[in-house]
Amino acid sequence: MATPPNRVAATPLAPQSQAGFVYLPLIAGWLVPGAGHFLQRKWGRGALLSASIFGMFALGVAMQGKIYASAKDILDILGLVGDLGNGLLYIVSRVLGLGADTVQVTTADYGTRFIVVAGLLNVIAAVDAHNLRTGRKIS
Amino acid sequence: MSPSHFTAVLLFALFASTVFGITQRETPRKMVRYGIYCFVLFVGSAIVLSWVMFLIAR
């Protein structure tokens, strides 16, 4: 006796996860801090994330932190990867020549870390926006 | 701009905790609680480690 074929349970996806380019919040959130959440109408969260990341980056620049432009050793590579997480902020700051080339005062060392961590936090925020978009994170 | 070391710690903890709270929890109430938890851990661990280094250096 043949067994009946398994029925695949029809699990309707959330309407949000069906339409459009699913990676848009991820890319937008990386390029502009908070934009991934704004795209999904999470205005409060987007504003807080944006203020935190912009604020951290701006404080890092104000403290004469270094913005990595090239990588000569492993620490430079890690710093550059962290800086690239800032998306357009990194590109604009490079174009405008912001940030110090070398760290000369103690606070500049703090500033350099602020800029790197702002980039890493921005990546976390962009991934969170992607998870909201795909439905992996409910709300 | 030249903030003190402790001011830099407070600013760092504030911004990082905000992002951690929003991204690592689902509901607003849990976000606030986790954000405060992270902030206290950041600042508290900085104070404890500072005292440890001070006592080692003596």
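Quick look at the structure, then. Since this is a predicted model, take the numbers as computed values, not measurements.

### Thoughts on the packing of helix H4 (residues 74-84) of chain A against helix H6 (residues 106-134) of chain A
Residue and element names in this part refer to chain A.
And step 1. Between H4 and H6, the shortest axis-to-axis distance is 6 Å and the interhelical angle comes to 55°. When the interaxial angle is binned, H4 and H6 end up oblique. Considering only the axes of H4 and H6, their crossing is left-handed. Within the contact between the two elements, H4 uses Gly-79, Gly-82, Asp-83 and Leu-84 and H6 uses Ile-115, Val-116, Gly-119 and Leu-120.

### Here's the deal with the interface of chain A and chain B
And step 1. On the chain B side, the residues contacting the 20 residues of chain A number 13 residues.
And step 2. Elements with a minimum of two residues in the side of chain A that touches chain B: helix H3 (43-62) and H6 of chain A.
And step 3. In the side of chain A that touches chain B, the residues fall into 13 nonpolar, 4 polar and 3 charged.

### What about the nonpolar core?
Burial of nonpolar side chains together is a common tendency in soluble globular proteins.
And step 1. The biggest cluster of nonpolar side chains holds 31 residues, and the ones touching the most others in it are Met-56, Phe-114, Ala-118 and Leu-121 of chain A together with Val-19 of chain B.
And step 2. Those elements giving two or more residues to this core turn out to be helix H1 (24-31), H3, helix H5 (88-96) and H6 of chain A together with helix H1 (5-24) of chain B.
And step 3. Tallying contributions element by element places H6 of chain A first for this core, with 11 residues.
And step 4. With residues near it in sequence (within four places) discarded, Leu-121 of chain A still touches Ser-52, Ile-53 and Met-56 of chain A together with Ala-16 and Val-19 of chain B.

Criteria and cut-off values
- The residue numbers shown here count from 1 along each chain, following its written sequence.
- Throughout, the order in which chains and ligands are written sets their labels, letters from A for the former and numbers from 1 for the latter.
- The predicted nature of this model means local features are confined to residues of pLDDT at least 70 and side-chain atom pairs, given and counted, to a pLDDT of 80 or more, with totals for whole chains, interfaces and linings taken over all residues.
- Fitted lines through C-alpha atoms serve as axes, helices being fitted only where they are in contact, and the angles separating the N-to-C directions of these axes extend from 0 to 180 degrees.
- Helix and strand assignments follow DSSP, with helices taken as H or I runs no shorter than four residues and strands as E runs no shorter than two, numbered in order from the N terminus.
- The labels follow the angle: roughly parallel below 35 degrees, roughly antiparallel above 145, roughly perpendicular from 65 to 115, and oblique for the rest.
- Each helix crossing is assigned a hand: it is left-handed if the near helix lies turned anticlockwise from the far helix by less than a right angle, otherwise right-handed if that turn is clockwise.
- Contact definition: two residues whose C-beta atoms, as placed from backbone geometry, lie within 7 Å.
- When residues are sorted by character, Ala, Val, Leu, Ile, Met, Phe, Trp, Tyr, Cys and Pro go into the nonpolar class, Asp, Glu, Lys and Arg into the charged class, and all the rest, Gly among them, into the polar class.
- Put simply, a nonpolar core is buried Ala, Val, Leu, Ile, Met, Phe, Trp, Tyr and Cys residues tied into one set by C-beta atoms within 7 Å.
- Residues are called buried when their C-beta atom has 20 or more other C-beta atoms within 10 Å, exposed when it has 12 or fewer, and partly exposed otherwise; all C-beta atoms are positioned from the backbone.

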